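# Summary of the model geometry
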Amino acid sequence: MSLGKMNVRIDIFKEESSKDEEGFVIQEEQLLTSTRAYKENRHGSEAWKNRASFSEASSLFRFRKPRELEVTTDLIIGCKEERYNILSVEDIKERGMYVEVLAEKITGSKG
């Protein structure tokens, strides 16, 4: 994986729920790390056909595995003012150097 292809800046967040003094639940995002990544959006290529088991995935991210962080499906990726739920995490070639993440874009409801 060349650094030239890793041209998108991403942030990895953890969402935490807490209650305010009035008892209402509020969601807070805690920034865990920022890194550069390769991003590929879903399209009709052969590679995306092979990923049919994750049909709700809208984007693929590849990035260097952060040493201080275990990337799991509980985390959220932020990229260019958009948020993505992590659906699948895979260690590329099982070397512990790079991670491939399939993610679903989070869309807000109108109303």
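Whatever comes next refers back to the structure up there.
Residues numbered from 1 in each chain as written. Predicted model: local features only at pLDDT ≥ 70, side-chain atom pairs only at ≥ 80, totals over all residues. Heavy atoms only, no water.

### Focus: the overall build of the protein chain
Spelled out, the test is: Runs of E in the DSSP output that reach at least two residues are strands. Runs of H or I that reach at least four are helices, and both are numbered from the N terminus. To sort residues, take the accessible area from a 1.4 Å probe on protein chains only and compare it with the maximum for the residue type: under 20% means buried, over 50% means exposed, and anything in between is partly exposed. What makes two residues a contact is simply this: any of their non-hydrogen atoms within 4.5 Å.
Looking only at helices and strands, the protein chain has one helix and six strands in total. Traced from its N-terminal end to its C-terminal end, the protein chain shows the element sequence β-β-α-β-β-β-β. Burial statistics for the protein chain: of 111 residues in total, 31% are counted as buried. Long-range pairs, those at least 24 residues apart, make up 48% of the contacts in the protein chain between residues at least 6 apart in sequence.

### Quick word on the nonpolar core
Note the following rule: The criterion is simple. A nonpolar core is a set of buried Ala, Val, Leu, Ile, Met, Phe, Trp, Tyr and Cys residues joined through side-chain atoms within 4.5 Å.
Ranked by size, the top nonpolar core spans 18 residues in total, and within it I10, F61, F63, I77 and V101 carry the most contacts. Looking at this core, the elements that each hand over two or more residues are strand 1 (8–19), strand 3 (59–64), strand 4 (75–79), strand 5 (82–91) and strand 6 (98–105). Sort the elements by how many residues they give to this core and strand 6 lands first, with four residues. Beyond its immediate chain neighbours, meaning those up to four positions away, V101 contacts S59, L60, F61, F63, V71, I77, I86, S88 and V89.

### Side note on the environment of A37
Tracing the backbone shows A37 in strand 2 (residues 25–41). Between the C-alpha atom of A37 and that of M6, which follows or precedes it by 31 residues, the distance is 4.4 Å. With residues up to four places along the chain from it excluded, the contact list for A37 reads K5, M6, N7, V8, I10, R62 and F63.

### Thoughts on the sheet that holds strand 1
Neighbouring strands of a sheet are bound in pairs by backbone hydrogen bonds; such pairs are parallel or else antiparallel. Note the threshold: When DSSP finds two or more bridges between two strands, those strands count as paired. Fitted lines through C-alpha atoms serve as axes, helices being fitted only where they are in contact, and the angles separating the N-to-C directions of these axes extend from 0 to 180 degrees.
Read around the closed barrel, six strands run 1-2-3-6-5-4, paired in antiparallel fashion. If you compare each strand with its neighbour and ignore which way they point, the axes differ by 45° on average.

### Examining the side chain of T33
Looking at the element boundaries, T33 is found in strand 2. Given the relative accessible area of 12%, T33 is considered buried. Non-local contacts of T33, meaning those with residues more than four positions away in its chain, are made with I10, D11, I12, P66, E68 and L69.

### Quick word on the packing of aromatic side chains
Put simply, the rule is: Pairs were defined over the aromatic rings of Phe, Tyr and Trp, the Trp ring being its six-membered one, requiring ring centres within 6.5 Å. Orientation was assigned from the angle between planes: stacked under 30 degrees, edge-to-face over 60, tilted for the rest.
Across all of its chains, the model carries one aromatic pair by this definition. When the centroid spacing of 5.2 Å and the interplanar angle of 75° are considered together, the rings of F61 and Y84 count as edge-to-face. Pair noted here: F61 is in strand 3 and Y84 is in strand 5, with a separation of 23 residues, a long-range link.

Shape descriptors only; they carry no functional weight alone.
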